[in-house]
Amino acid sequence: PKLEKTARTAREAGLKLSQLSDAVRSGALLKAAESIFQNESRILAANAKDVTLAKKKKLSTALIDRLTLDSKRVHAMSRAVREIAAQSDPVGSVVEEWTATAGFKIKKVRVPLGVVAMIYESRPNVTVESAALCIKSGNAVILRGGSESIHSNSILSDIFSEAVTSAGVPKGAVTLIRDTDRKNIYELSRMDRWIALLIARGSEEMVRHIQQQATVPVLGHGKGVCHVYVDRAADLRMAEEIALNAKAQRPGVCNAAETLLVHRDAAEKFLPSMGARFEQAGVELRGDPAVRKILPKIKSASGKDWSAEYLDLILSVKIVDSLEQALEHINKYGSGHTETIVTEDKDAADHFLRAVDSSAAFHNLSTRMHDGGVFGLGAEIGISTQKIHARGTMGIRELTTTKYIGLGQGQIRQ
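All values reported here derive from a predicted model rather than from experimental measurement. Sequence order as written defines the numbering, with residues in each chain counted from 1. Under the rules for a predicted model, residues below a pLDDT of 70 receive no local features and side-chain atom pairs below 80 are neither given nor counted, while totals for whole chains, interfaces and linings still include all residues. Working from all heavy atoms in the structure, the side-chain values ignore hydrogens and water.

Mapped onto the fold, E380 is located in the loop between α15 (372-375) and β15 (382-384). Remark: exposure states derive from per-residue accessible area (1.4 Å probe, protein chains only) relative to the maximum for the residue type, with buried under 20%, exposed over 50%, and partly exposed in between. In summary, the charge assignment counts Lys and Arg as positive and Asp and Glu as negative, without counting His or the chain termini. By convention in these notes, a salt bridge is any Lys or Arg side-chain nitrogen within 4 Å of a carboxyl oxygen on Asp or Glu. Look at E380: it is buried, it has no salt bridge, and the nearest opposite charge is R201 at 4.3 Å. A distance of 2.6 Å separates a polar side-chain atom of E380 from the backbone nitrogen of G372. Whether two residues touch is decided by their heavy atoms; if any such pair falls within 4.5 Å, the residues are in contact. Once residues lying within four places of it in the same chain are set aside, the contact partners of E380 are E129, L133, R201, D371, G372, T393 and M394. Put simply, DSSP marks the helices as runs of H or I at least four residues long and the strands as runs of E at least two long, and each gets a number from the N terminus on. What qualifies as a polar contact is a pair of N or O atoms within 3.5 Å, subject to a donor-acceptor requirement within protein and to the restriction that residues adjacent in sequence count only when both atoms come from side chains.

Structure follows, in structure tokens:
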């Protein structure tokens with residue numbers, strides 16, 4: 001079948017790519033970054049087709065926001081590729097080394113995974129950032145975006161592939177599956193002979209369905225039910241800025257906050273002005289009975305709200321009696337993505353950072369700061385809410401595995 005041929009070609013390209021020097025791989029990425037920058041008008045024209053179709057189909061405003069490219073976002077893509085190229089090469093780096101009791105040396109070194117398959121929806125920048133992270137880490141990549149972004153993904157994939165191939169990267173190292181039939185996803189997910197890892201970015205339902213079907217190891221970039229907890233010892237002005245940014249700066253992304261927890265001792269002072277700011281920003285609040293005593297005009301939160309990923313200007317709000325109660329709520333309803341505490345109490349912060357069971361725990365930071373670019377990784381291929389093989393933001397190191405190298409002088413097993 002055609003898809004199996006694609007996967008086999010990618011595997012062959014990946015083996016060749018893993019042998020290229022970092023200078024060649026990084027040089028190829030710089031060429032791709034320049035090509036993206038130079039072809040801005042072609043990229044935006046293709047993206048406009050996708051956006052027009054998405055609006056005709058009445059897709060959600062959050063999805064259209066994730067889909068839409070402008071000059072700033074194209075430049076950000078180009079810059080991300082440059083930043084990835086500038087990072088130190090993980091391939092061949094020594095994780096640890098020692099001498100065995102039998103006298104030979106053992107090194108544990110980083111090596112590429114081989115072929116990474118990316119399943120994702122709506123965001124065209126994922127096409128470029130995933131391809132760049134894979135090339136830098138010595139992996140071939142098979143990209144399969146959603147039908148809503150096919151024009152954008154096609155032009156970006158063409159520009160990127162042509163640039164890196166002309167700079168010495170093997171043909172077939174970056175492939176976009178242009179047929180958006182869903183059956184392709186499940187075919188890919190069973191090609192463990194050729195594909196080392198499948199990363200699924202999208203709805204919780206889609207990720208779970210792939211995981212149930214797959215024979216390839218699947219790393220799920222699942223839903224983000226992120227929390228901001230305003231502690232009794234919070235700087236309330238700082239808390240307002242963090243809560244507003246975490247929810248409203250870009251509500252349709254996985255690291256946007258979906259629930260605000262407020263300590264009872266801070267609620268009377270904090271919620272009236274915070275509520276007014278959310279109202280001004282167009283955020284619909286849904287509160288528990290204690291919150292609605294302070295903000296009587298807001299909607300009542302139902303049981304479903306606490307585990308909801310709105311991806312929209314909606315926020316559930318709850319008053320808690322203690323830090324422990326906040327942690328209980330987060331660990332019960334959260335998705336293991338990103339949680340933040342706003343407090344001036346160092347002991348409370350330390351306890352929160354240790355006890356919260358998520359891939360990222362922050363102190364006095366917006367949840368929106370959980371991002372590969374912000375972390376200095378150039379970009380991320382996903383934010384894993386799993387605990388194996390990687391957790392949290394995944395950059396180039398998370399796209400490698402390890403192997404042991406033994407260096408002897410003729411030792412044999414007795």
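So much for the structure itself; the text now carries on.
This next bit is on the pairing of strand β14 (residues 360-363). Only one face of β14 is buried: it carries A360 and F362, and the other face, with A361 and H363, is open. For the handedness criterion, the β-α-β arrangement of strand β13 (residues 338-342), helix α14 (residues 346-355) and β14 is classed as right-handed. By convention, orient the strands away from the viewer: a clockwise path from the first strand over the helix to the second makes the crossover right-handed.

Attention now goes to the packing of helix α3 (residues 40-56) against helix α5 (residues 71-86). Axes here mean lines fitted to C-alpha atoms, for a helix over just the part in contact, with angles spanning 0 to 180 degrees between N-to-C directions. Packing of α3 against α5 leaves a shortest axis separation of 10 Å and a crossing angle of 120°. The angle between α3 and α5 places the two elements in the oblique class. Note that α3 runs across α5; the crossing there is right-handed. Note on element contacts: α5 touches α3 through S71, V74 and H75, opposite E40, I43 and L44. Any residue outside Ala, Val, Leu, Ile, Met, Phe, Trp, Tyr, Cys, Pro, Asp, Glu, Lys and Arg is labelled polar, Gly included; the first ten of those are nonpolar and the last four are charged. Looking at the contact of α3 with α5 residue by residue, the classes come out as three nonpolar, two polar and one charged. Note on angle classes: values under 35 degrees are labelled roughly parallel, values over 145 roughly antiparallel, values of 65 to 115 roughly perpendicular, and the remainder oblique. Crossing handedness: left-handed means the near helix sits turned counterclockwise from the far one by under a right angle, and right-handed means the same turn made clockwise.

With that settled, the discussion passes to the packing of aromatic side chains. Only Phe, Tyr and Trp rings take part, Trp by its six-membered ring, and two of them pair if their centres are within 6.5 Å. Stacked means planes under 30 degrees apart, edge-to-face means over 60, and tilted covers everything else. Counted according to the given criterion, the structure contains two aromatic pairs. Judged by centre distance (6.4 Å) and plane angle (80°), the rings of W98 and Y404 are edge-to-face. Of this pair, W98 sits in strand β1 (residues 94-99) while Y404 sits in strand β17 (residues 400-407), placing them 306 residues apart in sequence. On the accessibility criterion, W98 (36% relative accessible area) is partly exposed. Criterion for a charge above a ring: Arg CZ or Lys NZ at most 6 Å from the ring centre, at most 35 degrees from the ring normal. Above the plane of the ring of W306 lies K318, whose end atom (NZ or CZ) is 5.5 Å from the centre.

Next up on the list: helix α10 (residues 236-248). Between its first and last C-alpha, α10 extends 18 Å over 13 residues, near the 18 Å set by a 1.5 Å rise per residue. Along α10, the residues that are buried comprise A239, E240, I242, A243, L244, A246 and K247. Elements that come into contact with the buried residues of α10 comprise β8 (226-230), β9 (257-263), α11 (264-280), β12 (314-320) and β13. If you check the start of α10, you find a side-chain oxygen 3.1 Å away from the backbone N of R237, and it comes from D235. Take the residue count of a helix, subtract one, and multiply by 1.5 Å to get its expected span.

Further remarks concern the environment of I150. Tracing the backbone shows I150 in helix α7 (residues 150-166). Along the backbone, I150 and T180 are 30 residues apart, and their C-alpha atoms lie at a distance of 8.0 Å.

With an omega of 0°, the peptide bond between I388 and H389 qualifies as cis. By the secondary structure assignment, H389 is in the loop between β15 and β16 (392-394). Even without glycine at this site, L311 takes up a positive phi of about 50°. Its location among the elements puts L311 in the loop between β11 (299-300) and β12.

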